[in-house]
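The residues making up each chain are set out below.
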Amino acid sequence: LMNLTKKLIGIRTILLSIGQSESLTLPSIVVIGSQSSGKSSVLEAIVGHEFLPKGNNMVTRRPIELTLIHTPDAAAEYGVFPALGLGKMTDFKQIQKTLTDLNLAVPASECVSDEPIDLRIYSPHVPDLTLIDLPGYIQLASMDQPEELKEKIAALCDRYIREPNVILAVCAADVDLANSPALRASKRVDPLGLRTIGVVTKMDLVPPETGAAILEGNRYPLHLGYVGVVAKHTPGEARRAGRRDDENLSSAVARKEDSYFNSHKDQFGAKSVMVGTSTLRQRLMEVLEARMSSSLHGITNAVQLELEEASYQFKVQYNDRRITAESYVAETMDALKARFKDYTAAFRKPQIRAKLKGMLDEKVMDVLEQLYWGDKRTAELSSLAGDAKVRAENLEPYWQYKLEAASSLLTKSGVGRDSTNLVADGLRNLIDSIASGEPYSFHPEAADRIVQFSHAILRERLGVTSDQVENCIKPYKMKSEVEMDDREWEAGRERAVSLYEKELASCQDQLASIKKRVGGNRKLSSLLGYVTKLEEEERSKAAMRLALSTTPKEDDKDGEAAPEASTPSLLDNYRYNPAHVVDARRAAAYIDRLAILKLRLAALRSKRCRAGPENDAFCPEVFLNVVAEKLAYTSAMFINIELLDQFFYQFPREIDSRLMYDLDRAEITRFARENPSIRRHLDLQDRKDKLEDVMKQLQGLVNLRKDTQPTARRQ
Ligand code: GDP
């Protein structure tokens, strides 16, 4: 039946990995004792190596879950810290160093930590055992070991000495057992000592009679008894004492113990007292095996219940659908590419052209406002357009120059840069919205990478694209180089008309809302009258000052004071709300704007503007509109080639190379687990799988026992 412990230790490890639940706990041996009682020496003698943290101030600050795995056919001995992923450690000095580091990593403010260190040791020289090494009890609180630490350690030990664990209570022979905190703690939870083994260390420090009396256990009886040991060893002891280089520490200690106990045969040989670390090992194996064996039934039932619950939840929550971290990552990347592809529809040529045209329309209106709407002579140009007698070639050169200036203002306004930025901003917004939405909101690092590499692609293409666009619109920068036919002209005229109609409507809206604000038509009229007067007065004041031509310095002072001095006369007559005055000034501007727009609309609808490109100087709006259309067309074409095609080609490849291919298994798992719903799914699935596996193994063990026990009884 020796296999039972080994199998159950394996099962115990699996169960621990799905979370510590009381009902799913298989027994382990918990080692408690006060500081310097010889706990470490005993554990090292059992393992056969020095591997525990040493040092005066070096208390064990975290529980060490020590799993010993007997590997009869292997020569190598090594340790593994599964949580650290450091692989096999064949050098026990290295293990000692790692444990020391892990202990020291617990901040001094916390003193001790509940989080166990998982250490597995594989060796042909160790028995199959699980031992939990706990921080040693502090007898007397001192400066560097405060009261609080003492209590924390006691509480931690209390948690571990519960059922079903076996308690290994370590006491030193030279200290009165009545003072042993280990025995006292065990008495509280196991008064009969049914699951407590006493280990009496430092047997060599008391007279053999005294030692033997302690082991008889008459004063503090324990059902499982006491084992006396002499576990002391000094660094390198095994090698020195053993003479054979490969001698194990266990054998070295055992040899010393043999010589000690044999030399006191009278006290230890005759009686049925247990002595020596090898006896202790044997005893631990028997006791653990018995505990494990009696746990078998209970744990099988508990696992069965847990498994049923997990299977039910898996069915209900996920309809038994299995996932893997890899499948999640692959699906997420595919979904990203698919989603990106959908979005790119908004970046086809016609859509880009329309966007750019919108931007250029704005530019056209800005140019018109700057050069035409404020020019008093524009009204004149409008009436000339309607006058059939005026021939195009007789139009003043003024208007030709003006059109050339307007065209050049439009084409030199940074079309390459602005149009490229417009499209790039669109792409950036698209990427940012993908990166900030699900599931990337769960994967901030991946989202960040997506944003980084897409912005990098854009940055790299921006300059080239903008230069290329600028280069290709060069021909339009000379008005004489721009060619347009009647069809283009007419289309441009229609667009110009509709742009003006829109502008007209928006001016009317603004005016209407001002009217409403100031309190109606009549109120606005009187406000306008007031503003006009005010302006006239300001103008005449300015003229007067100019005529008087005082010295500039004094004039400045007067100039500031003058309008204020003059306004009271008006303000006395009409008390207007200052905000309304501002509104009225704006209204006046809108009224002027409406007048010019109406004139220009009439011109654009005139026969002359309909006639064709030869009348361009009469109808600058049409000409600029046709140029804007050409600019939009050309820009869209080159932005498509230089920016969009490149971006759409590179983006999915970057997903593969920057998000996917450099992920190793652990990173894939970590990525998938960032998504809480995936994490829950994986956890439940994992729990169910492990419980199924454990259940199968447990049933195997139960069946094995059914087969063997009746035979055993018959014998
Ligand atoms: P821990 O603090 O409980 O882990 O105790 P250690 O194993 O570090 O031992 C404390 C001290 O007691 C060390 O100096 C050991 O060498 C010494 N020691 C341990 N076991 C024995 C023993 O059986 N006999 C003697 N004489 N000294 C021992």
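Preceding block: the structure.
Let us look at the structure shown here. (Residues numbered from 1 in each chain as written. Predicted model: local features only at pLDDT ≥ 70, side-chain atom pairs only at ≥ 80, totals over all residues. Heavy atoms only, no water.)

As a further point, take helix 14 (residues 397–411). Counted at 1.5 Å a residue, the expected span for helix 14 with its 15 residues is 21 Å, and the 21 Å between its end C-alpha atoms agrees. Taken together, the buried positions of helix 14 are occupied by Trp 399, Lys 402, Leu 403, Ala 406, Ser 407, Leu 410 and Thr 411. Projected down its long axis, helix 14 shows its buried positions confined to an angular sector of 160°, all on one face. (Helix = DSSP H or I, 4+ residues; strand = E, 2+ residues; numbered from the N terminus. Expected span 1.5 Å × (residues − 1). Buried < 20%, exposed > 50% of the residue type's maximum accessible area, 1.4 Å probe, protein only. Arc of directions from axis to C-beta.)

All right, on to unusual backbone geometry then. Here Glu 163 and Pro 164 are connected by a cis peptide whose omega angle stands at -5°. As for its position among the elements, Pro 164 is in the loop between helix 4 (147–160) and strand 6 (166–172). Cis geometry is found at the peptide bond from Glu 438 to Pro 439, where omega equals -5°. Although it is not a glycine, Ser 36 sits at a positive phi angle of roughly 70°. Note on placement: Ser 36 falls in the loop between strand 1 (29–33) and helix 2 (39–47). If you check the backbone angles, Asp 320 has positive phi at about 65° while not being a glycine. Checked against the element boundaries, Asp 320 lands in the loop between helix 10 (277–318) and helix 11 (325–344). Overall, the relative accessible area of 38% leaves Asp 320 in the partly exposed class.

Relative to the helices and strands, Glu 50 is located in the loop between helix 2 and strand 2 (64–70). A relative accessible area of 16% means that Glu 50 is categorised as buried. Remark: the alpha-carbon pair of Glu 50 and Ser 40, spanning ten residues in sequence, is separated by 8.8 Å.

On to the state of the cysteines, then. Within the structure shown, the criterion is met by one disulfide. A disulfide bridge connects Cys 609 with Cys 619, and the sulfur atoms are separated by 2.0 Å. Between Cys 609 and Cys 619, the disulfide has an S-S torsion of -105° and is therefore left-handed. Note that Cys 609 is positioned in helix 21 (residues 607–611) and Cys 619 in the loop between helix 21 and helix 22 (620–660), a separation of ten residues in sequence. We note that Cys 609, like Cys 619, is buried. (Disulfide = S-S within 2.5 Å.)

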